[in-house]
Amino acid sequence: MATGFDTDVVVIGAGIFGLSVAWSCVQRGMSVTIVEKATIGAGASGGVVGALSPNVPENWSPKKQFQLDALLSAQAHWAEVDATSGLPSGYGRLGRIIPITNARGLEHAQIRTEDAKSLWDGEAFWRVEDSAKFSGWIAPESAPFGVIHENLSARINPRLACLSLAKALQVKGCEIREGWEMTAINDNEIIGPSGKIRASAIVMAAGVACFPYLETLWGRNAGMGVKGQSAILGGVSVGTAPMIFGDHTYIIPHANGDIAVGSTSEKTYDDPFSVDEKLDIVIERATTICPALRHAKIKHTWANVRPRARKPDPMLGPIKGPAGLYMATGGFKIGFGIAHKCGETLATMIAGETTFLPKQFHASFAEANKK
Ligand SMILES: Cc1cc2nc3c(=O)[nH]c(=O)nc-3n(C[C@H](O)[C@H](O)[C@H](O)COP(=O)(O)OP(=O)(O)OC[C@H]3O[C@@H](n4cnc5c(N)ncnc54)[C@H](O)[C@@H]3O)c2cc1C
């Protein structure tokens, strides 16, 4: 630890981004303290859906490559975390099916089958199959042109994954202070009602709360919260069925037999944490695609706000402001799929080493981008 500091790295926020940055820093031998104003996974990360899914294999870009690398390394990452914590994250590479509803969709899916072979380096497939292969799981009338079946997608239990990662961090010596709210940041120092912590690096991973802070630095809007509503359904036995994504809706079988259904995408809302009739519509859509859900019972509902930067890309890395300050936010709808790779990238930056990050993911890119 550098002299004069309480810890090498202080992380603000115990959501999936903060925990993941902490993990990679700890793995590099840095001392890390996490402060969390509420409890572990209290924000967007404490949810129930947990799709880790790729973008379509076309128009390849460094952003898509970053996500592919993250998805391909997720299994080993979560296996290591769970082995360290002794807790389950619920990770499972189930694959995904997507109903094809028209001839144009079929044509595109067939072209992408070939693209996936080269772009995904033979690590996973994307192909068109008859929906009858998934009979009893997907309604044939919802997939009149067949289904896309890809085996890159995985699911995780977001809430359990945060707990597993937090426990693994504690096993490795990381301190997590719950109920500790950061109220100000100075050079190499954060302040809260419970005192101050001096650190060589400060990582702000406070989810949507990063945006008002950035607005005070930048003098303009930095991002927004997009509300999502979701549900856990029980009472349906699905065996080893893949997850489904159709009509903007995810249907995800979890390890304990529950099925997650989500989510809404709301830019305006009164209460970020309540559910309403918009969730009924999501469940109805899911039931149309997957009639097995007709007899399911709603066990639990959940809503929260995803951190979406102005360009909907993660914001990672140092920014102009107090000395030692780094940003780690903007996971938006794919936060769980990329968090461990974002964490690894941040830790490399903090260590002062060179790392590749798509330019759009640099916090400094968002900082410089006025539009
Ligand atoms: C309904 C819904 C469904 C989703 N589905 C998926 C999905 O299927 N797949 C996927 O990859 N992603 C999904 N997401 C998105 C994903 O959950 C987010 O991208 C991710 O959780 C963001 O993590 P984060 O750590 O940046 O933010 P958060 O989880 O919000 O963490 C920020 C933490 O910072 C704390 N904090 C804030 N201010 C302070 C402060 N001043 N001092 C101390 N602590 C502070 C908060 O309490 C919070 O715990 C979904 C989101 C929602 C809402």
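Residue positions are given per chain, counted from 1 along the sequence in the order it is written. Owing to the predicted nature of the model, reporting of local features is limited to residues with pLDDT of at least 70; listing and counting of side-chain atom pairs is limited to 80 or more, with chain, interface and lining totals taken over all residues.

1. Some points on the site of the ligand
Okay, so step 1: Around the ligand there are 40 residues in total, and Gly 15, Gly 43, Gly 207, Gly 228 and Gly 335 lie nearest to it.
Okay, so step 2: Each helix is a run of H or I in the DSSP string that is no shorter than four residues. Each strand is a run of E no shorter than two, and both are numbered from the N terminus. Elements with a minimum of two residues in the shell around the ligand: helix H1 (16-27), strand S2 (32-36), strand S12 (223-234), strand S16 (297-309) and helix H7 (335-350).
Okay, so step 3: Residue classes follow a fixed rule: Ala, Val, Leu, Ile, Met, Phe, Trp, Tyr, Cys and Pro count as nonpolar, while Asp, Glu, Lys and Arg count as charged, and any other residue, Gly among them, counts as polar. Residue composition of the shell around the ligand, by class: 18 nonpolar, 17 polar and five charged. Note on definitions: a residue is near a molecule or strand provided its C-beta atom, placed from the backbone, lies within 6 Å of it.

2. Examining the pairing of strand S10 (residues 189-192)
Two faces belong to every sheet, and in a regular strand the side chains alternate between them.
Okay, so step 1: Judged from the three bridges that link them, strand S9 (residues 184-186) and S10 form a sheet pairing that is antiparallel. Counted as the bridge partner of Ile 185 is Ile 190 from S10.
Okay, so step 2: DSSP bridges decide pairing: two strands pair if at least two such bridges lie between them. The loop that links S9 with its antiparallel partner S10 comprises two residues; one of these, Asn 188, has a positive phi angle of about 50°.
Okay, so step 3: Both S10 and strand S11 (residues 195-204) contribute to a ladder of four bridges, which runs antiparallel. If you follow Ile 191 over to S11, its bridge partner there is Lys 196.
Okay, so step 4: Hairpin connection, S10 to S11: the antiparallel pair is bridged by two residues.

3. Examining the pairing of strand S13 (residues 243-246)
Okay, so step 1: Covered by surrounding structure in S13 are Met 243 and Phe 245 together with Ile 244 and Gly 246, the residues of both alternating faces.
Okay, so step 2: Direction of pairing for strand S4 (residues 96-99) relative to S13: parallel, over a ladder of two bridges. Directly across from Ile 97, in S13, lies its bridge partner Ile 244.
Okay, so step 3: Taken together, the three bridges between S13 and strand S14 (residues 249-253) define a ladder with antiparallel strand orientation. Exposed residues have 12 or fewer other C-beta atoms within 10 Å of their own C-beta, buried residues have 20 or more, and residues in between are partly exposed; the C-beta atoms are placed from the backbone.

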